[in-house]
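# Observations on the three-dimensional arrangement
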Amino acid sequence: MRKTVLFGLYCLALFLAVISSVPIATGADTADSKKMSAPIINDVAISDAVKANIAADSVMEPVDIDVITEEGVVTLQGTVNNASQVERAGHIAINTPGVLKVDNELKVSH
């Protein structure tokens, strides 16, 4: 029994060591990117997730919003129907996993 537990702990430690040594593909191989300890989420995936979250939100009637992501910074551009949609889109974006900052450049249509 004790050998089984020790073997299990050894396997778990080995698994964690292997997982922690696997590099994460980010598209940029810089010294700064290697220092980051949190997993990097692809900018395209972040943009897609923000767009999907905005489209799924009931407050966000059909709107035409461009979502641009660079190194986790999301820029929202386009026109929406009212000020509450500007605020809501920014709230949705900043609460999307991987988003570090939101530059909300949305305008209200007249």
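Report on the accompanying structure. (Residues numbered from 1 in each chain as written. Predicted model: local features only at pLDDT ≥ 70, side-chain atom pairs only at ≥ 80, totals over all residues. Heavy atoms only, no water.)

## Details of helix H3 (residues 43–56)
An α-helical segment advances 3.6 residues per turn. Residues three or four places apart therefore align on the same side. Taking 1.5 Å of rise per residue, 14 residues should cover 20 Å, and H3 covers 20 Å from first to last C-alpha, within 8% of that figure. For H3, the full list of buried residues reads Ile46, Ser47, Val50 and Ile54. Mapping the buried residues of H3 onto a view down its axis gives an arc of 100°, with all of them on the same face. Pointing more than 90 degrees away from the buried face of H3 are the exposed residues Val44, Ala55 and Ala56. On its buried side, H3 packs onto strand E1 (64–70), strand E2 (73–80) and helix H4 (83–94). At the N-terminal end of H3, a side-chain oxygen is found 2.6 Å from the backbone nitrogen of Val44, two or three residues along, and the residue is Asn42. (Helix = DSSP H or I, 4+ residues; strand = E, 2+ residues; numbered from the N terminus. Expected span 1.5 Å × (residues − 1). Buried < 20%, exposed > 50% of the residue type's maximum accessible area, 1.4 Å probe, protein only. Arc of directions from axis to C-beta. Contact = heavy atoms within 4.5 Å. Polar contact = N/O pair within 3.5 Å; in protein donor to acceptor, adjacent residues only side chain to side chain.)

## Describing the nonpolar core
The biggest cluster of nonpolar side chains holds 15 residues, and the ones touching the most others in it are Val50, Ile54, Ile65, Val74 and Leu76. Of all the secondary structure elements, the ones that give two or more residues to this core are H3, E1, E2 and H4. (Core = buried A, V, L, I, M, F, W, Y, C linked by side-chain atoms within 4.5 Å.)

## What about the sheet that holds E2?
Read across the sheet, three strands follow the order E1-E2-E3 without closing on themselves; strand pairing throughout is mixed. Since the sheet does not close on itself, it has two edges, and those belong to E1 and strand E3 (101–108), each with one partner. Pairwise comparison of adjacent strand axes, ignoring direction, gives a mean angle of 10° for this sheet. Note that E2 and E3 share eight bridges and pair parallel. (Pairing = 2+ DSSP bridges. Axes fitted to C-alpha atoms, helices over the stretch in contact; angles between N-to-C directions.)

## Some remarks on H4
With twelve residues, H4 ought to run about 16 Å at 1.5 Å a step, and its terminal C-alpha atoms sit 17 Å apart, in line with that. Here H4 has its buried residues at Gln85, Val86, Ala89, Gly90, Ile92 and Ala93. Angularly, the buried residues of H4 cover 160° about the axis, an arc narrow enough to put them on a single face. Summarising the geometry of H4, the exposed residues directed more than 90 degrees from the buried face are Ala83 and Glu87. Of the surrounding secondary structure, the elements contacted by the buried residues of H4 are H3, E1, E2 and E3.

## Digging into the pattern of salt bridges
As enumerated under the stated definition, the model contains two salt bridges in all. The residue Asp57 makes a salt bridge to Arg88 at a minimum N-O spacing of 2.6 Å. Of this pair, Asp57 sits in the loop between H3 and E1 while Arg88 sits in helix H4, and the two are 31 residues apart along the sequence. Using a relative accessible area of 13% as the deciding quantity, one classes Asp57 as buried. For Arg88, a relative accessible area of 29% gives the class partly exposed. Note that Lys101 and Asp103 form a salt bridge whose closest N and O atoms lie 3.6 Å from each other. Take Lys101: its relative accessible area is 46%, and that puts it in the partly exposed class. Residue Asp103 is classed as partly exposed on the basis of its relative accessible area of 26%. (Salt bridge = Lys/Arg side-chain N within 4 Å of Asp/Glu carboxyl O.)

Any functional reading would require information that these geometric values do not contain.
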